[in-house]
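Residue-level listing of the chains:
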Amino acid sequence: MSNHSGIDLATLMSISVHDIKNDINHLISKVENIEIHQPALAQQLPTLSSIKTDAIHISNQLVQVLALYKAKEGLLKPLIDQHGLSEFLEEKCAHYAGQCKAQHKSISVVCDDQLCAFFDEALISSILDSTLENALRHAKKQLLLRAEYTAPYQVIHIEDDGPGYPDELLADAIQANSIDQDSRHTGLGFYFAQTILALHHTPKLSAYFTLGRSSQLGGACFSIFLP
Amino acid sequence: MAQIEYHKKKFLIIEDHAEFRSSLKSMVRMFGAHMVDTVHDGEVGIAKIINTHYDIILSDYELGKGKDGQQILEETRHSGLLKASSVFVLITAATTVEMVMGALEYEPDGYITKPITHENLKTRLDKIMLEKAIFQEVDHAIDQKKYKLALQACDKVAKEQAKFQIKALRIKSKLLLNLERYDEAATLFNAIIAVRDLPWARLGLGKVAYYKGEYEKALHIFQQLAEEDKRNVEAYDWLSKVYQSQKQPIESQKALQHAVERSPKSILRQMELGQISKANQDWAIAEVAFRKAVNLGRNSCYRTPSNYTALVQVLQHKIKDAEGRKSKDALTEALRIIDSLEKEFSDNTDALLFAKILLAETNGNLGKTKEADQILTALATDISNAAEQMSQSMALSLANAYESTGHQNEANQLRDKYKTSSANEMINNDGIRLYKAGHLKEALAIFREAAKTPEASPGVLLNALQTSLSAIEANGSDDLLMESCNRYLSRLKNLDSNDKNYMRYQKLNASYANLSTPK
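Residues numbered from 1 in each chain as written. Chains lettered and ligands numbered in written order. Predicted model: local features only at pLDDT ≥ 70, side-chain atom pairs only at ≥ 80, totals over all residues. Heavy atoms only, no water.

Trainee: When you look at the confidence of the model for chain A in this model, what are you seeing that I'm missing?
Mentor: Detailed reading of the predicted model is not advised wherever pLDDT is low. For chain A, mean pLDDT is 84; residues scoring 70 or higher make up 90% of the total. Of the regions scoring below 50 in pLDDT, residues 175-184 of chain A engages in seven contacts with residues more than four places distant in sequence or in other chains. (pLDDT = per-residue confidence, 0-100. Contact = heavy atoms within 4.5 Å.)

Rendered as structure tokens:
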């Protein structure tokens, strides 16, 4: 790594990424302003909503890159609190409802109203974002957010009715550190999820995720285990 | 989800960007709200909150040059302008969330992260409103100052609503600390930590240790928290307090400087840093801190003449000792601040007298003894009227002015009279002065805080007791104050009947008994 100016490349990149992310958020809010103030125009231009979807996707990825940089520098400290899982998942569901509808897919939540867990809302939310985007891309008709208590973990499942994860990915369940070309859409996401979940732990247990086949919908099932 | 009746709610939107402001307004209108006020900055926002009751306030965190959203929240909640039952939502950019969130004394009811869409605003707001409904009884009791009822309501939520258990217990722990029920608070914090190691619960244990005088233990807890997460500003605040109690003023200042660096817009921290660094004779730090306190205090409920007077006092060192330009700049600033002091506190005789004394001191330091003398002569009557209840700070400036004009005797007399053995004594004197001047609320705040330390003298406890009783007589009964009185009395129980305070104790004890008997 070159070090001409006294500031290392990683820091320099993180600053740039931060700026780019802000620019993209500006772009998103511009699109949204058109959607709010000129709904007729927005309807005539379906590309507009896909630009927004893509931009949100880029923004989410940049958020992850920044978080990973901070985690590497030891600067990422989770703000753990108790959260109700049904509210948390309902909110995510509402957030993706528009995109799902546009693609003629459905999204639903199955969660006992009294379930709750300890986690950093923003960080876990970010994991769900990248997983849901992925699921949305592969789902045929349905997406499902499901939570259950399987002692001693609270488990969040994100399921779809798509083709499911490739066998080689399922075989070595957590290939988090290798970002290979084939799975480049998800590789960063897995690595991010693993890093974030490692920050959620009790003295005895640590959070983790698994990949599997959805028992409900037959497609992919991404499961987060929170102690 | 249940329907929230937004059409019955009064909204305030605080947002500096015109475009975003109008889009937020149109979004809440789409939920059915029609009572929606909008303002473009924090100052106007606070003014609105003073005059109108709002059910829901949406405020951006970043508001340009003026106050930020967190400050609006702190000021309005702290001063009781914003009821516990009102909803305050902070709008943040994803990157500022972590700067804002964490161990803060005043937290909003919820955060909404940008970019904001109609859907995510609605779902987030619904969620916050439903949560608020669960805590309705708690908030209502707090608004009415019925703290015992609030504690019961917290227990009820914790028992019946598993997913709000921790939040309910957190509110309960704050109430217990406020009521100075430290042992119960410690038990609660330990119980929470047994479930999950949450930094605020450990911070709570540190506070309990501090109030019980277990400074080593408190120090250890706060140091550990600060080390684990440098963003934990409150841990640094408390570190500073502990060092102060342990008579390590330099360490205390350092800890507070760290906290101020992290939250430069917090006026209370700037004031505290100014006072500590002034006592440490670190004039450079004190100057910056008081200047910021003056600027942040404009249009704030924390605006007080003492920041102005302290800044002018600190500037005297530059006026006297610095070379050329620096001295001149300091002079210009001192004169400007004296001028604002007179204009902004024109109905405060104490502040006006102080302003004149500072002008005399400044002239004295410039070697303009004739001008200084003229000012002092003109003030003679005011000074002798105020002589018995002058603040220590004002007395010292007056002594300097006397000295520079050749009145060495008067200067010495004043310095002797106002020489205090400890910071505690000085605080006590300030409290007495405020009480006598009829500033009951301010005096009460000072004595309550002073009485919290285990080493508080019988004199301080009696002052706290008397002020609390006066406040109850003036404003009606209040759980918190009645319980405090009870505690002060039990701490004074073993007072020797030969003690000089004994008569006063008996008298106040009788007044309390009178108040606490149901009529």
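Trainee: Quick question: what am I supposed to make of helix H10 (residues 199-211) of chain B here?
Mentor: Because an α-helix packs 3.6 residues into every turn, residues spaced three or four apart end up facing the same way. Residue and element names in this part refer to chain B. Here H10 is 13 residues long and its end C-alpha atoms lie 19 Å apart, about the 18 Å a rise of 1.5 Å per residue gives. For H10, a buried count of twelve out of 13 residues is recorded, marking the element as mostly surrounded by other parts of the structure. Along H10, the positions that sit buried rather than exposed are Trp200, Ala201, Arg202, Leu203, Gly204, Leu205, Gly206, Lys207, Val208, Ala209, Tyr210 and Tyr211. Buried residues along H10 sit against helix H8 (165-178), helix H9 (182-195), helix H11 (215-228), helix H12 (233-245) and helix H23 (440-452). Looking at the residues trailing H10, positive phi occurs at glycine 213, about 80°. (Helix = DSSP H or I, 4+ residues; strand = E, 2+ residues; numbered from the N terminus. Expected span 1.5 Å × (residues − 1). Buried < 20%, exposed > 50% of the residue type's maximum accessible area, 1.4 Å probe, protein only.)

Trainee: Would you take a moment to explain the environment of Gln216(A) for this structure?
Mentor: All names here are of chain A. With respect to the helices and strands, glutamine 216 occurs in the loop between strand E6 (208-213) and strand E7 (220-226). Given a relative accessible area of 48%, glutamine 216 falls into the partly exposed group. Considered as a pair, glutamine 216 and histidine 26 are 190 residues apart in the sequence and their alpha carbons are 39 Å apart. With residues near it in sequence (within four places) discarded, glutamine 216 still touches Leu144, Arg146 and Glu159.

Trainee: Hey, could you run me through the sheet that holds E7(A) in this one?
Mentor: For sheets, the rule is that strands pair by backbone hydrogen bonds, running either parallel or antiparallel. Residues and elements named next belong to chain A. On the basis of which strands lie adjacent, the open sheet formed by five strands has the order E2-E4-E5-E7-E6 and mixed pairing. The two strands at the open ends of the sheet, each matched to only one other strand, are strand E2 (106-110) and E6. Across this sheet, the average inter-strand angle for adjacent strands is 15°, counted without regard to direction. Both E6 and E7 contribute to a ladder of six bridges, which runs antiparallel. Bridging across to E7, leucine 211 finds its partner in phenylalanine 222. Packed onto the sheet, helix H4 (residues 85-102) meets E2, strand E4 (142-150) and strand E5 (153-160) and runs at close to 175° relative to E2. Relative to the sheet, helix H5 (residues 121-138) contacts E2, E4, E5 and E7, its axis offset from that of E5 by approximately 25°. (Pairing = 2+ DSSP bridges. Axes fitted to C-alpha atoms, helices over the stretch in contact; angles between N-to-C directions.)

Trainee: So what exactly am I meant to see when it comes to the domain arrangement of chain A here?
Mentor: Quite often, the size of an interface is put as the accessible area lost when its parts meet. Residues and elements named next belong to chain A. Entries for chain A in the domain assignment read domain 1 (9-72) and domain 2 (81-226). Here the C-alpha centroids of domain 1 and domain 2 sit 22 Å apart. For the pair domain 1 and domain 2, the two sides together bury roughly 1,000 Å², of which 59% comes from carbon and sulfur. Interface area lost by domain 1 to domain 2 is led by His57, Gln64 and Leu68, which between them contribute 50%. At the junction of domain 1 and domain 2, the tally comes to zero salt bridges. Seen at the junction of domain 1 and domain 2, the total is three residue pairs in polar contact (both at pLDDT 80 or more). (Domains from an automatic or database assignment. Buried area = accessible area lost by both parts, 1.4 Å probe. Salt bridge = Lys/Arg side-chain N within 4 Å of Asp/Glu carboxyl O. Polar contact = N/O pair within 3.5 Å; in protein donor to acceptor, adjacent residues only side chain to side chain.)

Trainee: Just checking my understanding: could you explain the nonpolar core for this structure?
Mentor: Taken as a class, soluble globular proteins show a tendency for nonpolar side chains to be buried jointly. Membership of the largest hydrophobic core comes to 57 residues, with the highest contact counts inside it found for Phe189(B), Ile192(B) and Leu239(B). If one sorts the elements of this core by residue count, H10(B) sits on top with eight residues. If near-sequence neighbours (up to four positions away) are discounted, Phe189(B) is found in contact with Ser173(B), Leu177(B), Trp200(B), Ala201(B), Gly204(B), Leu205(B) and Val208(B). Among the nonpolar cores identified, the runner-up in size contains 43 residues, and Cys100(A), Cys111(A), Leu169(A) and Phe222(A) belong to it. (Core = buried A, V, L, I, M, F, W, Y, C linked by side-chain atoms within 4.5 Å.)

Trainee: How do you make sense of the environment of Arg231(B) when you look at a structure like this?
Mentor: Residue and element names in this part refer to chain B. Of note, arginine 231 is situated in the loop between H11 and H12. Distance from arginine 231 to aspartate 416, taken between C-alpha atoms, is 44 Å for residues 185 residues apart in sequence. A distance of 2.8 Å separates polar atoms of two side chains, one belonging to arginine 231 and the other to aspartate 229.

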